[in-house]
Amino acid sequence: MINKIIKIGKISTSRVELVDITKAWIMVALTFTFLFSGVNLADGTLSFSKLESSSFWLLVLISLFTAGIGFLLHELAHKFSAQHYGCAAEFRSFDQMLFFALLLAVGVGFTFIAPGAVMISGMITRKENGIISLAGPIVNYILALLFLGLMFFIPAGAFFFSIGFQINLWLGLFNMIPFMNFDGAKIWHWNIPIWIAMVGFGVFFLFFLGRMI
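Residues numbered from 1 in each chain as written. Predicted model: local features only at pLDDT ≥ 70, side-chain atom pairs only at ≥ 80, totals over all residues. Heavy atoms only, no water.

J.: How should I be thinking about the overall build of the protein chain in this particular structure?
T.: When helices and strands are counted, the protein chain shows 8 helices and 4 strands. Written out in order from the N terminus, the α and β elements of the protein chain read β-β-α-α-α-β-α-β-α-α-α-α. The C-alpha atoms of the protein chain give 18 Å as radius of gyration, which agrees with the globular expectation for 213 residues (17 Å, within 12%). Along the longest, intermediate and shortest principal axes, the C-alpha atoms of the protein chain span 50 × 45 × 30 Å. Here the protein chain, with 213 residues, has 43% of them falling under the buried criterion. Contacts in the protein chain between residues far apart in sequence, at least 24 positions, make up 71% of those at least 6 positions apart. For the protein chain, the accessible surface area stands at approximately 11400 Å², while carbon and sulfur atoms represent 73% of it. Averaging the locations of the 12 positively and 9 negatively charged side chains of the protein chain gives two centres separated by 8 Å. (Helix = DSSP H or I, 4+ residues; strand = E, 2+ residues; numbered from the N terminus. Rg over C-alpha atoms; globule rule 2.2 N^0.38 Å. Buried < 20%, exposed > 50% of the residue type's maximum accessible area, 1.4 Å probe, protein only. Contact = heavy atoms within 4.5 Å. Areas by Shrake-Rupley, 256 points an atom, 1.4 Å probe, with all protein chains shown as cover. Lys, Arg positive; Asp, Glu negative; His and termini not counted. Charge placed at Lys NZ, Arg CZ, Asp CG, Glu CD.)

J.: Explain the packing of aromatic side chains to me, please; I cannot follow it from the model alone.
T.: The way to describe two aromatic rings as a pair is by their centre distance and the angle between their planes. All told, the structure shown has 17 aromatic pairs when counted by the stated rule. Taking the centre distance of 6.3 Å and the plane angle of 85° together, the rings of Phe112 and Phe182 count as edge-to-face. Of this pair, Phe112 sits in the loop between α4 (95-108) and β4 (116-121) while Phe182 sits in the loop between α6 (158-174) and α7 (183-190); the two residues are 70 residues apart in sequence, bridging distant segments of the chain. An aromatic cluster is built from Phe32, Phe36, Phe112, Trp170, Phe174 and Phe182, whose rings are joined through pairwise contacts. (Phe/Tyr/Trp six-rings, centres within 6.5 Å; stacked < 30°, edge-to-face > 60°.)

J.: Please explain a nonpolar patch on the surface as it appears in this structure.
T.: A cluster of nonpolar side chains, Leu150, Phe152, Phe153 and Ile154, forms an exposed patch at the surface whose accessible area comes to about 460 Å². By the element assignment, Leu150 lies in helix α5 (residues 126-153). (Patch = residues over 30% accessible without salt bridge, like charges linked within 9 Å, V, L, I, M, F, W, Y side chains within 5 Å. Salt bridge = Lys/Arg side-chain N within 4 Å of Asp/Glu carboxyl O.)

J.: Is there a simple way to think about the layout of surface pockets in this case?
T.: The rolling of a water-molecule-sized probe over the atoms marks out the regions of remaining empty space. What the largest pocket holds in volume is close to 570 Å³. Every residue lining the largest pocket is counted, 29 residues in all, and those nearest its centre are Gly116, Ala117, Asn175, Asn181 and Phe182. Of all the secondary structure elements, the ones that give two or more residues to the lining of the largest pocket are α3 (54-84), β4, α5, α6 and α7. For the lining of the largest pocket, a count of residues per class yields 17 nonpolar, 9 polar and 3 charged. (1 Å grid on protein atoms, 1.4 Å probe; cavity = no way out; pocket = protein on both sides within 12 Å on 5 of 7 lines; lining within 4 Å. Points joined across faces, edges and corners; volume = space filled by probe spheres on them. Nonpolar A, V, L, I, M, F, W, Y, C, P; charged D, E, K, R; others polar.)

If you want it as structure tokens, here you go:
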């Protein structure tokens with residue numbers, strides 16, 4: 001099957017990338033739905049009645065918007081940054097890890113999410129690689145601050161916006177792990193002070209400020 005390239009202005013994508021992004025978006029949203037609903041096998045709280053409840057499906061919609069948008073813009077930030085430096089870049093989902101993340105959330109109420117990655121082809125410097133890697137977590141932190149602001153300006157939607165705040169902080173901080181193929185490893189190898197600042201920002205807002213909200 002030919003991976004047909006689709007051009008949108010200066011940005012290029014493909015049918016395969018669009019399918020992978022959609023698939024990962026849905027799986028990430030479902031995973032966070034189970035985490036925030038508190039429904040899992042380990043606690044004996046998983047039942048058809050809870051899965052059919054309006055509150056559960058409301059969380060699905062909230063997760064599609066908060067976690068889904070956070071995931072999508074994170075990956076697009078990597079993609080657009082890489083293309084800015086003249087590289088070919090497309091997202092590919094890690095299907096096994098998506099199912100593993102969902103199974104963990106359903107089974108024990110905890111998860112490890114590695115939905116996929118933007119595959120980059122081209123010659124780049126260590127600094128450029130660091131900046132490309134930094135773009136994703138930066139977007140998550142910006143989204144978290146936007147959701148935080150909305151919590152105060154639109155009190156009626158505080159529950160909705162608080163989930164967006166927490167999820168995007170978690171996504172940004174989680175990706176700062178300085179090992180394997182995480183964004184944090186590439187940022188660490190490029191600029192350690194920036195890595196420390198990114199981790200410090202996430203820790204402060206998620207574990208200190210977040211508890212006071």
